[in-house]
Amino acid sequence: MIMGSHNTSMDATLIFLLVMHLVSFSAEVKAHALEARSYWESMNSTIYVKGQNRTYSPKRAAVIGISHMFHKNSTFIPKGCDELCVGRIRSKRLSRFLQSRMDRGRNLASATTISTIWLNAQKVIDWFVKIDVSSTEDDEQEVMLVPDTGSFFTWFQCKPCQCYPQRRPVYDKDADVGGYRGLNQGDEYCQSVQKTFFQDHMSPENCTYNAQYSDSTSSYGAVAQSNFRLHNFHGPDFTFLRNVGFGCGYRNSAGSGSGFSGVLGLSRVEGVSFPEQLSTVLGESFAFCLPIAGSLPDSGFLVLGDDAIPGPAYEGYRSVDFPSGGHDFFFYLDAVDMFVGERRARIPGGTFNIRPDRDGGLIIDSGQMLTSLMPEAFVPFRDEFRAAMRPILGEVQFGGKFGMDTCYDVTNIELETLPLPTTGFLLRNGRRFQFGRIASYFTYYTAAGRPIFCLPVTSFRPPSGISVLGGYQLMQTHMAFDHVHSRLTWRGDVC
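Quick caveat, the model's predicted, so the values are computed rather than measured.

Any details on the overall build of the protein chain? Residues and values, ideally.
The helix and strand inventory of the protein chain stands at five helices and 27 strands. Counting all 495 residues of the protein chain, 61% fall into the buried class. Relative to all contacts within the protein chain whose residues are 6 or more apart in sequence, the contacts with residues 24 or more apart total 73%.

Residue-level account of helix α5 (residues 375-393), with values.
If you look at α5, its biggest bend is around 25°, right at A387, and the proline P391 turns up within four residues after that. G394 occupies a position one or two residues after α5 and carries a positive phi of about 85°.

If you had to explain the state of the cysteines to someone new, which residues and values would you point to?
Applying the stated rule across the entire model yields four disulfides. The residue that forms a disulfide with C158 is C248, at a sulfur-sulfur distance of 2.3 Å. Taken together, the residues C158 in strand β5 (residues 155-162) and C248 in strand β10 (residues 238-253) connect sequence positions 90 residues apart. The disulfide partner of C161 is C163, and the gap between their sulfur atoms is 1.4 Å. Judged by relative accessible area, C161 falls into the partly exposed class, the value being 25%. For C163, a relative accessible area of 33% gives the class partly exposed.

Lay out the pattern of salt bridges with the relevant residues and their values.
Within this structure, the stated rule accounts for 17 salt bridges. When the shortest N-O distance is used, the salt bridge between D405 and R382 registers 2.6 Å. In this pair, D405 sits in the loop between α5 and β19 (407-409) while R382 sits in helix α5, placing the two residues 23 residues apart along the sequence. Owing to a relative accessible area of 13%, R382 belongs among the buried residues under this scheme. Two residues, R386 and D405, come together in a salt bridge whose shortest N-O distance is 3.7 Å. On the criterion of sequence distance, the pair formed by R386 in helix α5 and D405 in the loop between α5 and β19 is long-range, its members being 19 residues apart. What makes R386 partly exposed here is its relative accessible area of 21%. Taking the relative accessible area as the measure of exposure, D405 reaches 24% and is therefore partly exposed. Connected via shared salt-bridge partners are R382, D383, R386 and D405.

Explain helix α3 (residues 188-196) residue by residue, including any values.
Along α3, the residues classified as buried are Y189, C190, V193, Q194 and T196. One face of α3 carries all of its buried residues, which in axial projection span an arc of 165°. Of the exposed residues in α3, those oriented more than 90 degrees away from the buried face are E188 and K195. Where α3 is buried, its residues touch β8 (208-212), β9 (218-231), β10 and α4 (274-277).

Help me get a handle on the pairing of strand β11 (residues 262-265), residues and values and all.
The side chains of a regular strand alternate, residue by residue, between the two faces of the sheet. As paired strands, strand β4 (residues 141-148) and β11 are joined by four bridges and run parallel to one another. Bridge pairing in β11 links D148 to G265. Sheet analysis places β5 next to β11, joined by two bridges and oriented antiparallel. Note on β11: the bridge partner recorded for F156 is G262.

Each value, and the rule that gives it
- Along each chain, numbering runs from 1 in the same order as the chain's sequence is written.
- Reporting of local features is limited, given that this is a predicted model, to residues whose pLDDT is at least 70; pairs of side-chain atoms are given and counted only at 80 or more, and all residues count toward the totals for whole chains, interfaces and linings.
- Calculation of side-chain values draws on the structure's entire complement of heavy atoms; hydrogens and water are dropped beforehand.
- Segments assigned H or I by DSSP are reported as helices when at least four residues long, segments assigned E as strands when at least two residues long, and all are numbered from the N terminus.
- Under the scheme applied here, a residue whose accessible area is under 20% of the maximum for its type counts as buried, over 50% as exposed, and between as partly exposed, the area being computed with a 1.4 Å probe on protein chains only.
- For this analysis, residues touch if any pair of their heavy atoms sits within 4.5 Å.
- Each residue is assigned a bend, namely the angle between axes fitted to the seven residues that terminate at it and the seven residues that start at it.
- Any cysteine sulfur atom paired with another within 2.5 Å is treated as part of a disulfide.
- By definition here, a salt bridge exists when the distance from a side-chain nitrogen of Lys or Arg to a carboxyl oxygen of Asp or Glu is within 4 Å.
- By arc we mean the arc of the directions from the helix axis to the C-beta atoms, nothing more.
- Note: two strands are recorded as paired if DSSP finds a minimum of 2 bridges between them.

Shape descriptors only; they carry no functional weight alone.
In structure tokens, the structure reads:
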């Protein structure tokens, strides 16, 4: 999600589901787990803090676990689909995904896992990580945070508050004895937050924040510190982090959905964002892979620390430097065009360039669901996609939900058998950033139960001129954000 102070309005995050039939998948799940463990153990980054002494192993990447929740009342599944039906949908999807990976002989990465949170019909799907906030193991309070590369501030709802509904108990600072500490303007972290939010009206006794996002999500509260535990997905070990700065939100609203506790700010604001706070312990770099919606818990990963960056020995990875000149807090993708299959979209030159006033460009925002493009990029890309789909599904039949304008009724059509074109961005260094097959298309259901197939890219012209590569198009792609070398490294079909 882009923070509202940047004056950019984007579509709310979305949910999707492709319906499949039940097959047995236990063998594939076991193979997935074994391959994932092997991959991350080969990176030598699995144990960081352990035992009663809580000793650090500096600059070793932290691994935390993530879970998945699925609401059965979503309109993005067939009418009458009960909990058993939902389980079957998940099972079939995961089975085919894992089988395709094993058929190709590829290793799967799943160290710090990321899954999805499914909510009801008018709500959203978000990826989330689970973090324990506490001073001791006996008083741990779990929060579920959306990993967001478009935001620099970490916050979650705190009692007592004006709260939106969430799936875990709201964090109680009074129960965090010995951990929670409200900050004042004399604290270094407070001063960094105050400078970032351009707040100069606070009293000396209080340190507050006011976070506003493009989808109308907002949080206002106290800037504080406490201790965080990042539990290792592969076992009982954990990383213990003291005095982590965050926002304790007591007046909150969830514009595009609810269920999560708050936001994990991953963008790069010195001294404020979550990775920047970990720089002296783990390093500022991080990596993640967002799993397909409907996957089992802990199917994706988030790895924090400089060891999260794949080295040259790992096959299939590509890299591109982050372009210079933009806003310091965003991660930009240095794109010059888009492609559909083997054809370029012929987007006008300079459309994705960063402007002299530092606006414009193409940012990577895992907190926004769909990719949103300036019209100069969207129209030629959309038209090229329609031309490629014409011999496959015919002419466009109608516009769909959430700003998607290229949709087809695919009743009685098996999408997996169709020769659907690949899509993605062409980069300045000649690389192709290709969306995963599932991430290239979006399927939902009408009230009558008819499946609708859409191009999951929207068009918008914000005053900032910024285009956004959203989380949906990042699914299954290992994204490694290298702060040391100011570089993005990625590989598709990983989680």
